[in-house]
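# Understanding the architecture of this molecule
Next come the chains, spelled out residue by residue.
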Amino acid sequence: MTHTIRKATADDAGRLAALAAVTFPLACPPQSSPADIAAHLANTLSDANFRSYLADPGITVLVIDADGDLRGYSMLVDRPAADPDVAAALTILPAAELSKCYVHPDHHGLGAAAELMHASLGEAAASGARGMWLGVNSQNAKAIRFYEKSGFRKVGTKSFNLGATVEHDFVMERAVPGVPSDERDMPAGEWTR
């Protein structure tokens, strides 16, 4: 696959929403109701939502662009974790959230996800983050294996609302490139931005 990884623009919002409609359901537990998935897509991953994310200076969206066809995306949020369960679990601060990281199923197993992760970690490092965290459904074994292979480790749990259902996520984190190994073990309270 010939592609580039670049920052998304407002012109990508509709294509991002279409890609999310394909990729998000794949990350949901098998028992998830179609109504809950549809509600999440409408309330969080619509064209209008992506336009809002792309206009937010604290959010960066990276896309895998294959000649104008978006094949994957990640979303990084550069602000402190608002969820108290997440904030209590994180040990590497300041941390960027990897809010979303999806690749079209036609491109699974081709290395695109690893490239997108590498670019996302680089973007987090460039923003001044020392760590990156994410939430992943506790039943999504494939994603958990990928994140562990990418250097993340489980540090806690949190809840995730999928429509009317409350799901259970693992909180995972890792240091971003460029963080000296002796700093990775420092207590979070000793880090300043």
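Residue indices follow the written sequence of each chain, beginning from 1 at its first position. With pLDDT at 70 or above as the cut-off, local features in this predicted model cover only qualifying residues; side-chain atom pairs require 80 or more to be listed or tallied, and sums for whole chains, interfaces and linings still use all residues. Hydrogens are left out, water is left out, and the side-chain values use all remaining heavy atoms of the structure.

## A word on the packing of helix 1 (residues 13-23) against helix 3 (residues 47-55)
Contact geometry of helix 1 with helix 3 gives a least axis separation of 8 Å together with a crossing angle of 120 degrees. Overall, the two elements helix 1 and helix 3 adopt an arrangement that is oblique. Our pair here, helix 1 against helix 3, has a crossing hand that is right-handed. Along the contact surface, helix 1 presents A13, G14, L16, A17 and A20, while helix 3 presents D47, F50, R51 and L54. Throughout, the ten residues Ala, Val, Leu, Ile, Met, Phe, Trp, Tyr, Cys and Pro are labelled nonpolar, Asp, Glu, Lys and Arg are labelled charged, and all others, Gly among them, are labelled polar. Grouping the amino acids of the contact of helix 1 with helix 3 by side-chain chemistry returns six nonpolar, one polar and two charged. For helices, the fitted line uses only the C-alpha atoms of the stretch in contact; every axis is such a line through C-alpha atoms, and the angle between N-to-C directions lies from 0 to 180 degrees. Counting from the N terminus, the helices are DSSP H or I runs at least four residues long and the strands are E runs at least two residues long. Throughout this description, any angle smaller than 35 degrees is read as roughly parallel, any larger than 145 degrees as roughly antiparallel, any in the 65 to 115 degree range as roughly perpendicular, and the remainder as oblique. Crossing handedness is read from the near helix: turned anticlockwise from the far helix by less than a right angle, it gives a left-handed crossing, and turned clockwise, a right-handed one. It only takes one pair of heavy atoms within 4.5 Å for two residues to be counted as in contact.

## Focus: the packing of aromatic side chains
Given two aromatic rings, one states the distance between the centres and the angle between the planes to describe the pair. Two aromatic rings from Phe, Tyr or Trp, using only the six-membered ring of Trp, form a pair when their centres are within 6.5 Å; if the ring planes differ by under 30 degrees the pair is stacked, by over 60 it is edge-to-face, and anything between is tilted. All chains considered together, the criterion is met by six aromatic pairs. The interplanar angle of 75 degrees and the centroid separation of 6.4 Å between the aromatic rings of F24 and Y102 together place this pair among those described as edge-to-face. Linking F24 in the loop between helix 1 and helix 2 (34-44) with Y102 in strand 4 (residues 95-103), this pair joins segments that are 78 residues apart in sequence. Of the residues examined, F24 reaches a relative accessible area of 6% and is grouped as buried. Classification of Y102 by relative accessible area gives buried; the value is 16%. An aromatic cluster is present here, built from F24, F50, Y53, Y73 and Y102 joined pairwise through their rings. Here, a charge over a ring is recorded when the distance from Lys NZ or Arg CZ to the ring centre is within 6 Å and its angle to the ring normal is within 35 degrees. In this structure, K154 packs its charged tip against the face of F170, placed 4.5 Å from the ring centre. Only protein chains enter the calculation, and the probe is 1.4 Å; a residue is then buried if its accessible area is under 20% of its type maximum, exposed if over 50%, and partly exposed in between.

## Observations regarding the pattern of salt bridges
Every case where a carboxyl oxygen of Asp or Glu lies within 4 Å of a side-chain nitrogen of Lys or Arg is listed as a salt bridge. Per the counting criterion, the structure on display carries ten salt bridges. Note that E123 and K7 form a salt bridge whose closest N and O atoms lie 3.3 Å from each other. Note that E123 is positioned in helix 5 (residues 112-126) and K7 in strand 1 (residues 4-7), a separation of 116 residues in sequence. The class for K7 is partly exposed, based on a relative accessible area of 48%. In this structure, the salt-bridge partner of D12 is R15, at a minimum N-O distance of 2.4 Å.

## Details of unusual backbone geometry
In terms of backbone geometry, most residues other than glycine have negative phi values and most peptide bonds are trans. In the segment running from L93 into P94, the intervening peptide bond is cis, with an omega of -5 degrees. Its place among the elements puts P94 in the loop between helix 4 (84-89) and strand 4. Phi is positive for D67, close to 55 degrees, though the residue is something other than glycine.

## Some points on the sheet that holds strand 6 (residues 153-162)
If you walk across this open sheet you meet the seven strands as 1-2-3-4-5-7-6, and the pairing is mixed. Looking at which strands have only one partner, the edges of the open sheet turn out to be strand 1 and strand 6. Strand-to-strand twist of the sheet, defined as the mean angle between neighbouring strand axes without regard to direction, takes the value 30 degrees. For strand 6 and strand 7 (residues 165-175), the ladder comprises nine bridges, and the chain directions are antiparallel. One requirement defines pairing of two strands: DSSP has to find at least two bridges between them.

## Here we look at the layout of surface pockets
In this structure, the largest pocket encloses a volume near 1200 Å³. Every residue lining the largest pocket is counted, 47 residues in all, and those nearest its centre are A27, C101, Y102, A143 and Y147. Sorting the residues of the lining of the largest pocket by element identifies helix 2, strand 3 (69-77), strand 4, helix 5, strand 5 (131-137), helix 6 (141-149), strand 6 and strand 7 as the ones contributing at least two each. Here the residues of the lining of the largest pocket sort into 25 nonpolar, 14 polar and eight charged. Using protein atoms alone on a 1 Å grid, points that fit a 1.4 Å probe yet trap it form a cavity, whereas open point sets bounded by protein on both sides within 12 Å along at least five of seven lines form a pocket; residues with an atom within 4 Å of a point count as lining. Grid points are joined across faces, edges and corners, and a volume is the space filled by probe spheres set on the points. Size it by volume and the second largest pocket reaches roughly 160 Å³. What lines the second largest pocket is V77, R79, P80, A81, A82, D83, V86, E97, W133, K158 and S159. Class assignment for the residues of the lining of the second largest pocket results in six nonpolar, one polar and four charged.

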